[in-house]
Amino acid sequence: MAGLPKGFKRGLLFGALFALFWGVLADRRRRGALGGEMIERAGALPFVGPRLSAALRDRLKEGVYRAVAEDVASKAPSGELLELGSGSGRLAVEIGRRARDLQITTMDPSAELVQVAEYRIHSAGLGRQTKVVHGDPRDIPFPDCSFDYVVSLRSFRRADAPERVLGEIHRVLRPGGKAWIYDFRKETPEEAWELVRQKLSLVMQPLFDSSIMASWRAAYNEAQIDLYAADSSFKQATLEAIPAEIAGVQIRALTRATLQR
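Chemist: Can you lay out the nonpolar core for me, pointing to particular residues and giving the numbers?
Modeler: As a rule of thumb, nonpolar side chains are buried together in soluble globular proteins. Membership of the largest hydrophobic core comes to 44 residues, with the highest contact counts inside it found for Val72 and Trp193. Here the element with the most residues in this core is helix H4 (residues 62–75); it accounts for seven residues. Every residue in contact with Val72, bar those within four places of it in the chain, is listed here: Leu81, Ile95, Val151, Trp180 and Tyr182. Among the nonpolar cores identified, the runner-up in size contains 24 residues, and Val165, Val172, Leu173 and Ala237 belong to it.

And the structure:
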């Protein structure tokens, strides 16, 4: 989109967002599917689609990104870290801001999301600290023993072959290195999530259902995580609940699995 008037892309983004909300809200019969329909429509928009879709998904998860970033930064103030599943780049930015001596490489299998992450990271002034690459977590494009740490937020569960991903994580970690795999905590009861949902507006509740609740339902429970770790080169995982604030409610939202090489 080079050569367009200054501010054109921003205007297109906000215009598309307005049209998206208006098109769904205008039909009361479709309000119940607001969240899923918005995300589906956002991803299909030309030029701004991936960025808009990522923004919609990120909005409700701001507290999740902060919680994970603070947890990682407290354990990895320096060294070299690989993030699997950069998405929009939000987590890499949050970690980078908290650990300025940490060199971050963030990777995603989606070429479009790599572009979104690059834009966000450079806009945050973290381009020298953080590198964005295109790659598959089942075949990480780095040599053995390349990183001190590996982080994954929700991407491990979405992999087609989780056992293969664990093998790749083990391979690229240096001896003594650690991997932290985060996902929504399956053991947190649905009633606790409902308390969060009630704090949201009627417009945001369907988006919460199609984003956070869908991820929670698809997450592995602790027993499943243990089985994957036992069958891997890591042999075992240390599991811990990590709280996060969502919609002003503090909830045991995440499980962190720690794996050490």
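Chemist: I'd like a description of the pairing of strand E2 (residues 101–108), backed by residues and values.
Modeler: In terms of burial, E2 is a largely internal element, six of the eight residues being buried. Where strand E1 (residues 78–84) lies against E2, seven bridges are found, and the strand directions are parallel. Along E2, the bridge assignment pairs Leu81 with Ile104. A crossover connection joins E1 to the parallel E2 through helix H5 (residues 90–98); in handedness this β-α-β unit is right-handed. Crossover connection from E2 via helix H6 (residues 111–123) to parallel strand E3 (residues 130–134): handedness right-handed.

Chemist: Describe the side chain of Asp183, and please don't skip the residues or the numbers.
Modeler: Mapping Asp183 onto the fold places it in strand E5 (residues 173–184). Asp183 sits in the buried class, given a relative accessible area of 10%. Within the structure, the side chain of Asp183 is placed 2.9 Å from the side chain of Arg157, a separation counted as a polar contact.

Cut-offs and rules
Residues numbered from 1 in each chain as written. Predicted model: local features only at pLDDT ≥ 70, side-chain atom pairs only at ≥ 80, totals over all residues. Heavy atoms only, no water. Core = buried A, V, L, I, M, F, W, Y, C linked by side-chain atoms within 4.5 Å. Buried < 20%, exposed > 50% of the residue type's maximum accessible area, 1.4 Å probe, protein only. Helix = DSSP H or I, 4+ residues; strand = E, 2+ residues; numbered from the N terminus. Contact = heavy atoms within 4.5 Å. Pairing = 2+ DSSP bridges. Right-handed = clockwise from strand over helix to strand, strands pointing away. Polar contact = N/O pair within 3.5 Å; in protein donor to acceptor, adjacent residues only side chain to side chain.

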